[in-house]
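Structural overview for review
Listed below are the residues making up each chain.
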Amino acid sequence: MDKLRDRLRSGVSRRSFLAGMGTSVGATVAVLATGCGNDSNSNPTPTPVAPPALTDADYLNFALNLEYLEAEFYLRAATGSGLSDTDAGSGAGTVTGGSQVAFKTPAIQQYAMEIANDELAHVRFLRKALGSAAVSRPAINLSGSFNAAASAAGIGSSFNPFADENSFLVGAFTFEDVGVTAYHGAAGLLTDKNNLAAAAGILATEAYHAGEIRTLITQLGDPYVTYANQISTLRATAGGGAETMLSGNTIVASDSNSISYDRTPSQVLHIVYLNAMAGTIFSGGFFPSGMNGTIIAAS
Amino acid sequence: MDFIDEKDRTRVLLEEKKSSRRSALLLGGAALAGMALSRTKAFAQASTTVTDNDILNFALNLEFLEGQFYTLATTGNALDQIGISTKGGDGTAGGTVTVKTNPMVPFQDPLLKQLAMEIAMDEQNHVKFLQSALSTSAVAQPNIDLMNSFNTLAQAAGLGASFDPFASETNFLLGAFIFEDVGVTAYQGAAGLISSKTYLDKAVGIHNVEAYHAAAIRTRIFQAGPGAQAISQAIAATRAKLDGTGTDDVGVGITNGAATIVDNDANGMTYARTTRQVLSIVYGGGAAGTGGVFYPNAMNGTIR
């Protein structure tokens, strides 16, 4: 991963957010490191792999893993069923948890359905673009992962984003801004203009989702805004800052120039593996067996 | 449209020159009379190589428009009145802004007012960021029309003789709607033209922020109900018509049980527009180099 690291920006400036967080960060890191140890720390010593130069396909497969996660979350929430075997690819990993949300507000169900459609479309688009190089869906955990995240964030010992429509919005919040930062970080690493155009199109859709979810949570008010911000803090801890605390006048997550944040793949992996611990992490959190492809290690 | 009455209601801000004001109004009338909404008004093909500065200046023109709209809607003041220069990097004076008297929107919903103020700040930051990045190459603000423009577009979209985006919360949302998705498509189309990785990163970051804005605005239009949704659909259709595709724009509504908060295609991707398509929309079909509607004397810079 040295080459990758060399090519990626350190994101040090955005760590200023962490500096402002004070001592709670250290505590959260500790909780994260222990709370999710089951999945990540027990991973056997990895076989050293000489990293080849990363290609566009590597980055697109990295994105595909994230889209699998989002698609499974939203499809299950909106319809009760996840990706078809065809869409998940051969030898796909299992998905744990996730069920149809008992929506009470038609509008929220309609929002959920739209985002589910978008994420499914992203999976299909990336699989088609990658062709035979497309990775299959890795194992995904939508149950214990949210419990661990809630625990680490200080929300409570468990959290079921499928329990009701408001919880669903908080669950969605967990993913959306991360997708924006991930695509933003990857966009500049792509070499093919067509891939850049595709990434820009997907990324803006993720930003629409994020703006929508953040708007809806501010309208709900507390405790949901507080939950969202506890998750945001958790993401900042694991993912190099790059968060804007949610409030009525901070719908957009961006820096002081009103430019959205970006994250390195490693930072994104720390978040979705729910592990802020230093060192190389290969799995955990939402991906109990890690992602598939070449960009799989949080370092 | 009666320009005598309009003129009486008009407050022209910034470094106004009477001659330019008159010409702006006349051009507005000409654009209205012509209403070149069909594709027949072809744009001249750019023949020179486009530089990163050209693209960033194109973006700066768009940010001036958005910055003025949101700043006026939330404060009643124009950019230079709140301390943001509209001058060019070489000192060229900024253009005029044509807007009604007292454009501050009578917000009722505190959260919506906060959103409007947040977007205003973001657009101001984008102006300042691009001016800083472009330094002495930054263009001055062109003449901007935030009054006749909306009336003209309202007629084009079949929404009546006039439209005041500052009159109410819902009108403000619809006025904002006109810009935001266009900003997203403009940055997306321009991203592939930028050669500097640093500028590409920044452009993508602004592109994202515009998408956050668009989503926040569209979510609220969805919540405003079928009437507002229908208007957004008419505006989206007009934008698609103006850019020549007829298909690359989705208004707010419900399709097959799913909301259409996101303005994107069947692949779940937002649309990209070329600079020419963007110009056609913000000029209301006016010719390249001539301008119209929001930019009565065209943009400043090489892409205009």
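Structure: see above.
Below, the structure is looked at part by part. Residue numbers run consecutively from 1 along every chain, following the written order of its sequence. Chain labels run from A onward and ligand labels from 1 onward, assigned in the order the entries are written. Given that this is a predicted model, residues contribute local features only at a pLDDT of at least 70 and side-chain atom pairs are listed and counted only at 80 or more, while totals for whole chains, interfaces and linings are drawn from all residues.

What follows concerns the overall build of chain A. By the criteria applied, helices consist of DSSP H or I runs no shorter than four residues and strands consist of E runs no shorter than two, each listed in order from the N terminus. Helix and strand content of chain A: 12 helices and 2 strands. Listing the helices and strands of chain A from first to last along the sequence gives α-α-α-α-α-α-β-α-β-α-α-α-α-α. Relative to its full complement of 299 residues, chain A shows a buried share of 58%. A fraction of 75% describes how many contacts in chain A between residues 6 or more apart in sequence connect residues 24 or more apart. In this scheme every C-beta is placed from the backbone, and a residue whose C-beta has 20 or more other C-beta atoms within 10 Å is buried, one with 12 or fewer is exposed, and one in between is partly exposed. Our contact criterion uses C-beta atoms placed from the backbone: two residues qualify when those atoms are within 7 Å.

Turning our attention to the nonpolar core. Think of a nonpolar core as buried Ala, Val, Leu, Ile, Met, Phe, Trp, Tyr and Cys residues, each tied to the set through C-beta atoms within 7 Å. Ranked by size, the top nonpolar core spans 186 residues in total, and within it Ala112 and Ala149 of chain A carry the most contacts. Contact partners of Ala149 of chain A, with chain neighbours within four places excluded, come to Phe159, Thr174, Ile231, Leu234 and Leu274 of chain A.

Chain B puts 45 residues into the contact, and the matching count from chain A is 45 residues. Those elements giving two or more residues to the side of chain B that touches chain A turn out to be α4 (110-134), α6 (169-191), α7 (197-224) and β5 (258-259) of chain B. Counting residues per element, the side of chain B that touches chain A draws most heavily on α7 of chain B, which supplies 18 residues. Just so you know the grouping, Ala, Val, Leu, Ile, Met, Phe, Trp, Tyr, Cys and Pro go in nonpolar, Asp, Glu, Lys and Arg go in charged, and all remaining residues, Gly too, go in polar. The residue makeup of the side of chain B that touches chain A, split by class, is 24 nonpolar, 16 polar and 5 charged.

Within an α-helix, residues lying three or four positions from one another point in the same direction, as the helix has 3.6 residues per turn. Compared with an ideal rise of 1.5 Å per residue, which puts 25 residues at 36 Å, α4 of chain B spans 36 Å between its outermost C-alpha atoms and is within 8% of the ideal. Ser135 of chain B sits one or two positions beyond α4 of chain B and adopts a positive phi of about 55 degrees. Here the expected length of a helix is defined as 1.5 Å per residue gap, with one fewer gap than residues.

Before going further, it helps to spend a moment on unusual backbone geometry. For the bond from Asp222 of chain A to Pro223 of chain A, the omega torsion is 10 degrees, close enough to zero to count as cis. Position of Pro223 of chain A relative to the elements: it lies in the loop between α10 (193-220) and α11 (224-238). A positive phi angle is found at Ala242 of chain A, which is not glycine, with a value near 60 degrees. By the secondary structure assignment, Ala242 of chain A is in the loop between α11 and α12 (265-272). A tally of 31 C-beta atoms within 10 Å means that Ala242 of chain A is categorised as buried. Backbone geometry at Ser135 of chain B places phi at a positive 55 degrees, although glycine is not the residue there. Inspection of the secondary structure assignment puts Ser135 of chain B in the loop between α4 and β3 (144-145). Since 10 C-beta atoms lie within 10 Å of it, Ser135 of chain B is described here as exposed.

All names here are of chain A. Burial analysis of α12 places 8 of its 8 residues in the buried class, the great majority of the element. If you check which residues of α12 are buried, you get Pro265, Ser266, Gln267, Val268, Leu269, His270, Ile271 and Val272. On the buried face of α12, the contacting elements are α5 (56-79), α9 (165-187) and α11. Downstream of α12 by a residue or two, Leu274 has a phi angle that is positive, lying close to 50 degrees.

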